[in-house]
Amino acid sequence: MESRPLATTGLTVTPIGIGLAALGRPAYITPHRGGDLGADRTEAAMRDRTHQMLDLATDLGVRYIDVARSYGLAELFLAGWLERHPSSEMTIGSKWGYRYVGGWQMDAPVHEVKDHSLSALQTQWAESRRLLGGRLRLYQIHSATPDTGVLDDGEVLAELIRIGAEEGVVMGLTTSGSRQAETVERALAAEVDGVNPFRQVQATWNVLEPSAGGALQAAHQAGWGIMVKESLANGRLAGAAAPPELAALAGDHGVGTDAVAIAAALAQPWVDTVLSGAVTPNQFRSNLDAAGLLLSQAEVESLQPLATSPDVYWTARSALDWS
C-alpha cells in the first residue's frame, strides 16, 4: 500500500490504518464478536490476536496504528509487538481522555469513563509515553465534544502545546456525537497566546453520518491531517446488516460491502486515512480491498440518500450493546 504524508504534520501514513479499539479489551460495541473472536477473551488470547493482526497489517503494507489509553491493554499489546519489531516503520497514534474501567469483564456495568481534565492529560501522557516511548508520534484528545469544555480549557491547551514542542509529538483530537462539526470548528479556533495546539483531527464519517464533512474540509484546507473512524458504523455497514445500496455496489465491483463503505470515505477529497477496526484476518483483507476500489462520483452520490440526522445516528449508536 502506498504511503503518504499526513498533510503538513510530518508524519507518514497509508490510506487505510488499523485501529485496536476492538482488540485491546474483551468487550466492544461491534456486533457478532462471538463469531469473530469466540469465547476465549483472556488477556493472552487478545494479545496474541492483536499481534497476529499487526503482523498481517505490516505484511499488507499498512503503516498507521491507532490506540488509546481506554482501549483496555491495547497500548501494552502494541508495546510488546514493537519489542519484537524494533525496525517497524509504523506511525503510531494514541489518545487520552478516557479511562478503561471494565476490569476485563464482559458484563462490566461501565467499560470506560471520560475525563478531560489537566490531571488526566498529564497522567495518561506519562502512561502512554512509558509504554510506547519515542514511537508515539501523534497524541489526541479522545472524543472531544463541546460539552466537556476541553477546547476552552487554557491549562489543557497550554499543556498540549508544551508536550508537542518538548517531545516532538503532533497533537490532535478525535470527535464524537451529534455536534462533531461544531467541535472541529472550535478546535480550529482554539489558541493560547496565538498558538493552536492541533494539527490533526480524527472524526466519525460514514454514509449514514456524513455531517462533519464540511468542517473536516475546512480543517484539511488549514493543513490538518484528517483521519476517519467508524466508516462501517460499528458493523452496521458490513455484511448482511448493510443497506441494499451498498450491497448492489459491492456486487458490481466484486468486493464486500465493507470495502464499498470504506471506499466511500476514501473518496472524500479531504481524507488522509481511514481506520479499519477489523479483528480477523479475513475482515482486514476485505477492508483493504477499498484501497484499490475507485468509486465514480455517481456511485458516491448514489449513497447520499442513506444519510440520517446526527441525532438519529448517535442515538442508535449509543444503544449498541457491548459484547
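These lines cover the structure that appears in this document, whether it is placed above or below. Computed from a predicted structure; not experimentally measured. The residue numbering used here restarts from 1 in each chain and proceeds along that chain's sequence as written. Local features in this predicted model are restricted to residues whose pLDDT is 70 or higher, and side-chain atom pairs enter the listing and the counts only when it is 80 or higher, whereas totals over whole chains, interfaces and linings include all residues. Excluding hydrogens and water, the side-chain figures rest on all heavy atoms present in the structure.

## Side note on the pairing of strand β3 (residues 16-19)
Then, number 1: Remark: exposure states derive from per-residue accessible area (1.4 Å probe, protein chains only) relative to the maximum for the residue type, with buried under 20%, exposed over 50%, and partly exposed in between. Runs of E in the DSSP output that reach at least two residues are strands. Runs of H or I that reach at least four are helices, and both are numbered from the N terminus. Because side chains alternate across β3, one face comprises the buried residues Ile16 and Ile18, and the other comprises Gly17 and Gly19, equally buried.
Then, number 2: Note that β3 and strand β12 (residues 273-276) share three bridges and pair parallel. By the bridge assignment for β12, isoleucine 16 is matched with valine 274. A strand pair is defined by DSSP finding two or more bridges across the two strands.

## Things to note about the pairing of strand β10 (residues 200-204)
Then, number 1: For β10, the tally of buried residues reaches five of five residues, placing the bulk of the element in the interior.
Then, number 2: Residues Gln200, Gln202 and Thr204 point to one face of β10 and Val201 and Ala203 to the other, with burial holding for every one of them.
Then, number 3: Sheet topology places strand β9 (residues 170-175) next to β10; three bridges connect them, and they run parallel. Residue pairing across strands places glycine 172 opposite glutamine 200, the latter belonging to β10.
Then, number 4: Look down the strands so they point away from you; if the path from the first strand over the helix to the second goes clockwise, the crossover is right-handed. The handedness of the β9 to β10 crossover, carried by helix α6 (residues 180-189), is right-handed.
Then, number 5: As for the winding sense of the linkage, the β-α-β connection from β10 through helix α7 (residues 213-221) to strand β11 (residues 225-229) is right-handed.

## Things to note about the sheet that holds β11
Then, number 1: Reading around the circumference, β3-β4-β5-β8-β9-β10-β11-β12 is the order of the eight strands in this closed barrel, with parallel pairing throughout. Averaged over all adjacent pairs, the angle separating strand axes in this sheet is 30 degrees, with direction ignored.
Then, number 2: Note on definitions: a residue-residue contact is assigned when non-hydrogen atoms from the two residues lie within 4.5 Å. All axes are obtained by fitting lines to C-alpha atoms, using only the stretch in contact for helices, and the reported angles, taken between N-to-C directions, cover 0 to 180 degrees. Its contacts with the sheet put helix α9 (residues 257-266) on β3, β11 and β12, and the angle it makes with β12 is roughly 155 degrees.

## Looking at α6
Then, number 1: When α6 is considered as a whole, its buried residues turn out to be Gln180, Thr183, Val184 and Ala187. Projection of α6 onto a plane perpendicular to its axis shows the buried side chains occupying an angular sector of 95 degrees, all on one side.
Then, number 2: Looking at the buried side of α6, the elements it contacts are β8 (136-144), β9, β10, α7 and α12 (310-318). The arc in question is the one traced by the directions running from the helix axis out to the C-beta atoms.

## Points about the nonpolar core
Then, number 1: Within the largest apolar cluster, 93 residues are counted, with the highest numbers of intra-cluster contacts made by Ile65, Leu78 and Phe198.
Then, number 2: Ranked by residues supplied to this core, first place goes to α9 with seven residues.
Then, number 3: Excluding residues that lie within four positions of it along the chain, leucine 78 makes contacts with Leu20, Leu54, Ile65, Val67, Ile92 and Leu132.
Then, number 4: The criterion is simple. A nonpolar core is a set of buried Ala, Val, Leu, Ile, Met, Phe, Trp, Tyr and Cys residues joined through side-chain atoms within 4.5 Å. Grouped together as the second largest cluster of nonpolar side chains are eight residues, Leu6, Val13, Tyr64 and Met227 included.

## Things to note about the packing of aromatic side chains
Then, number 1: Here is the rule: rings of Phe, Tyr and Trp (six-membered ring for Trp) pair when centre to centre is within 6.5 Å. Planes less than 30 degrees apart are stacked, more than 60 are edge-to-face, and the remainder are tilted. Considering all chains together, one arrives at six aromatic pairs under this definition.
Then, number 2: Here the aromatic rings of tryptophan 125 and tyrosine 139 are separated by 5.0 Å at their centres, their planes lie at 70 degrees, and the arrangement is edge-to-face. Highlighted residues: tryptophan 125 in helix α4 (residues 118-132) and tyrosine 139 in strand β8, separated in sequence by 14 residues.
Then, number 3: On the basis of relative accessible area, tryptophan 125 is assigned to the buried category, the value being 7%.
Then, number 4: In this structure tyrosine 139 comes out as buried when scored by relative accessible area, which is 0%.
Then, number 5: A centroid spacing of 6.2 Å and a plane angle of 75 degrees characterise the contact between tryptophan 205 and tryptophan 270, whose relative ring orientation is edge-to-face. Separated by 65 residues along the polypeptide, tryptophan 205 in the loop between β10 and α7 and tryptophan 270 in the loop between α9 and β12 bring together distant segments of the chain.
Then, number 6: For tryptophan 205, a relative accessible area of 7% gives the class buried.

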